[in-house]
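# Inside the fold
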Amino acid sequence: MKKVALITGITGQDGAYLAEYLLKLGYEVHGIKRRASLFNTDRIDHLYQDPHDENRRLFLHYGDMTDSMNLTRIIQEVQPDEIYNLAAMSHVKVSFDTPEYTANADGIGTLRILEAVRLLGLTEKTRIYQASTSELYGLVQEVPQRESTPFYPRSPYAVAKLYGYWITVNYREAYGMHASNGILFNHESPLRGETFVTRKITRAVAKIALGQQDKLFLGNLSAKRDWGHAKDYVRAMHAILQQPEGSDYVIATGITTTVRDFVKLSFKNVGITVDFKNEGVDEVGVISGIDEVMFIARVGAEYLEASKALIGQEVVRVDPAYFRPTEVELLIGDPTKSKTVLGWEPEYDLEGLCEDMIISDVKLMKKDAFLKEGGYKTLNYFE
Ligand code: NAP
Ligand code: GDD
């Protein structure tokens, strides 16, 4: 029998990778997308199937995490074997601007899913994955962080996710539901949203190498994150729901890196050496050399001459506008439980992740430049 999965947040980074992964495993996949004034399905367009296709296995439903009746109706119609609750207002800094909405979508949204499953009498049938986060550890109480480490959330996002975490545990214990938390540390990819720090960096590095941008402004360069690849992390989500009982798992690489070092690594991936000098808000990143072979391989010989003029240029600066009212300075996870119980192993290390993102962004920025130069027909609305 074909398994049926429902993914909230299917249009996001993780939703897209998970949908593709589950389709490959033979699942029928249903996803909830928000109504938007423009198409918002870019990340899953390659999976789209015509509604008239008799063998269709991907179905999209309009919905929103703040609308209980809508969520309940979709779950009733789909009768999923597995629900992956990935939908969330997922940007930590933005959650300080939209705290009430974040609590509603990320916190109460989780309750809406759990309660719908209970009310519909699906507690025996439907397994639930909750997208919990290393942000729960916040002001870390233990290094590295593991499943038993106490939480200390540091943003409205993390506080909302704290509710999501505990309501999932509570429904598991109160009603015997197969409901699990994946406490995922930061995971990135070429599909990562453009305002998260790794993607902001890889996009800017590609543009600087191609002569399309002068400078990259960042916030806290000393923050440390345990970064993995989203492709590896969605495999863990699936593995969690295949266990005989629901439980909670840390998914992480066990290695932590500063934002500053990720900047250096990204430039290195296009053959550019960047050194940092000064401290605090005066810290800057300056280009000190070009590895021509690497530059040509990753960016192209036609851009090499222009790039040499960049030596000595300041390409990274600190802008305090990107500081957070309360920061999470250090995250590093201990993935022992997921490795031993789930048998989960990541395929990508940080170098592999960064390379994947840089190669993709260089390609994308070349295409963007082509489009800007008139490579497409400009629309004249009034003609
Ligand atoms: P993402 O790229 O920001 O995707 C979030 C998804 O949620 C998008 O599909 C978005 O729709 C949808 N969404 C947002 N608000 C919604 C609402 N009110 N109703 C319905 N859908 C809504 O996030 P991600 O990186 O894939 O992360 C997936 C989940 O894992 C999130 O819950 C995130 O908090 C959590 N998480 C992420 C990481 C990480 O490092 N990536 C680590 C730990 C936990 P639109 O496309 O329309 O915006
Ligand atoms: N976004 C951003 N932009 N972050 C910056 C910048 C900048 O210009 N400069 C420095 N940073 C620092 C942030 O202050 C933070 O310490 C770190 O880079 C990572 O920021 P993000 O990439 O925005 O991710 P995050 O760690 O806050 O949150 C992500 O990971 C969580 C898991 O730990 C999100 O995906 C969350 O949804 C997820 O739960």
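For the structure, see preceding data.
To keep things clear, this report deals only with the structure shown in the data block. Keep in mind that what you see is a predicted model, and the values were worked out from it rather than measured. (Residues numbered from 1 in each chain as written. Chains lettered and ligands numbered in written order. Predicted model: local features only at pLDDT ≥ 70, side-chain atom pairs only at ≥ 80, totals over all residues. Heavy atoms only, no water.)

Between helix α6 (residues 197-209) and helix α8 (residues 259-268), the least distance of the axes is 10 Å, while the angle of their chain directions is 35 degrees. When the axes of α6 and α8 are compared, the crossing they make is right-handed. Residues V197, T198, I201, T202, V205 and I208 of α6 form the contact with α8, whose own contacting residues are V259, F262, V263, S266 and F267. Per-class residue counts for the contact of α6 with α8 are eight nonpolar, three polar and no charged. (Axes fitted to C-alpha atoms, helices over the stretch in contact; angles between N-to-C directions. Helix = DSSP H or I, 4+ residues; strand = E, 2+ residues; numbered from the N terminus. Left-handed = near helix turned anticlockwise from the far one by under 90°. Contact = heavy atoms within 4.5 Å. Nonpolar A, V, L, I, M, F, W, Y, C, P; charged D, E, K, R; others polar.)

What follows concerns the layout of surface pockets. Quantified by volume, the second largest pocket comes out at close to 290 Å³. Lining of the second largest pocket is provided by 13 residues; of these, Y17, E20, Y21, K231 and V234 occupy positions nearest its centre. Put simply, the parts of the chain that give the lining of the second largest pocket at least two residues each are α1 (13-24) and α7 (230-241). Class assignment of the residues belonging to the lining of the second largest pocket gives a composition of seven nonpolar, one polar and five charged. (1 Å grid on protein atoms, 1.4 Å probe; cavity = no way out; pocket = protein on both sides within 12 Å on 5 of 7 lines; lining within 4 Å. Points joined across faces, edges and corners; volume = space filled by probe spheres on them.)

Here we take up the site of ligand 2. What surrounds ligand 2 is a group of 24 residues, the closest being T133, S134, Y157, R324 and E327. At 2.8 Å, a backbone N or O of G219 approaches a nitrogen atom of ligand 2. Here the shell around ligand 2 is composed, by residue class, of ten nonpolar, eight polar and six charged. (Near = heavy atom within 4 Å. Polar contact = N/O pair within 3.5 Å; in protein donor to acceptor, adjacent residues only side chain to side chain.)

Turning next to the sheet that holds strand β4 (residues 82-85). Whenever strands of a sheet pair, they do so through backbone hydrogen bonds, lying parallel or antiparallel. Read across the sheet, seven strands follow the order β3-β2-β1-β4-β5-β6-β11 without closing on themselves; strand pairing throughout is parallel. Bordering the open sheet on either side are β3 (58-62) and β11 (248-251), each of which pairs with just one other strand. For this sheet, the mean angle separating the axes of adjacent strands, direction not counted, is 20 degrees. Two strands pair when backbone bridges link them, and strand β1 (residues 4-8) and β4 are joined in this way by four bridges, in the parallel orientation. Among the inter-strand pairings, A5 is bridged to a residue of β4, identified as E82. Helix-sheet contacts for helix α2 (residues 68-78) involve β1, β2 (28-33), β3 and β4, and the interaxial angle to β3 is about 155 degrees. (Pairing = 2+ DSSP bridges.)

Moving on: the site of ligand 1. In the region of ligand 1, 25 residues are neighbours, and T11, R34, S90, Y101 and Y157 sit closest. Here a nitrogen atom of ligand 1 and a side-chain polar atom of Y101 are 2.7 Å apart. Measuring from an oxygen atom of ligand 1, one finds a side-chain N or O atom of Y157 at 2.6 Å. Expressed as a share of its isolated accessible area of 900 Å², the protein-covered part of ligand 1 is 89%. Listing elements by their share of the shell around ligand 1, those giving two or more residues are α1, α4 (99-119), β5 (127-133) and α5 (156-175). Counting residues per element, the shell around ligand 1 draws most heavily on β5, at three residues. Of the residues belonging to the shell around ligand 1, the class tally is ten nonpolar, ten polar and five charged. (Areas by Shrake-Rupley, 256 points an atom, 1.4 Å probe, with all protein chains shown as cover.)

Take the nonpolar core next. Judged by nonpolar contacts, the single largest core of 37 residues is most densely connected at I201, L218, F267, V270 and I272. Only α6, β8 (216-218), α8, β13 (272-277), β14 (284-290), β15 (314-318) and α12 (350-375) provide two or more residues apiece to this core. The element that contributes the greatest number of residues to this core is α12, accounting for seven residues. Filtering out sequence-adjacent residues up to four positions away, L218 remains in contact with V197, K200, I201, V259, V263, V316, R317, V318, D319 and Y322. If you look at the next biggest cluster of nonpolar residues, it comprises 31 residues, including L18, A19, V234 and A236. (Core = buried A, V, L, I, M, F, W, Y, C linked by side-chain atoms within 4.5 Å. Buried < 20%, exposed > 50% of the residue type's maximum accessible area, 1.4 Å probe, protein only.)

Moving on, we come to α8. In terms of burial, α8 is a largely internal element, seven of the ten residues being buried. Among all positions in α8, only V259, R260, F262, V263, L265, S266 and F267 are buried.

Packed helices, taken two at a time, are described by the angle between their axes plus the distance between the axes. It is the contact of α1 with α7, at a shortest axis distance of 9 Å, that shows an interaxial angle of 65 degrees. Pair α1 / α7 crosses with right-handed handedness. For the pair α1 and α7, contact is made by Q13, D14, Y17, L18, Y21 and L22 and by A230, K231, V234, R235, M237 and H238, respectively. Taken together, the residues of the contact of α1 with α7 sort by class into seven nonpolar, two polar and three charged.

Within the secondary structure, H238 is located in helix α7. Those residues in contact with H238 that lie beyond four places of it in its chain are Y21, L22, L25, Y27, E82 and Y84.

Glancing now at the pattern of salt bridges. Scanning the model with the defined rule gives 20 salt bridges in all. The shortest N-O distance in the salt bridge between D334 and R146 comes to 3.4 Å. Of the two residues, D334 is situated in the loop between β15 and α11 (336-342) and R146 in the loop between β5 and α5; the sequence distance between them amounts to 188 residues. With a relative accessible area of 15%, D334 lands in the buried category. Accessibility expressed as a relative area gives 28% for R146, which makes it partly exposed. Linking E345 and K339 is a salt bridge whose minimum nitrogen-to-oxygen distance equals 3.3 Å. Overlapping salt bridges, with partners in common, bring together E135, R225 and E327 in one network. (Salt bridge = Lys/Arg side-chain N within 4 Å of Asp/Glu carboxyl O.)

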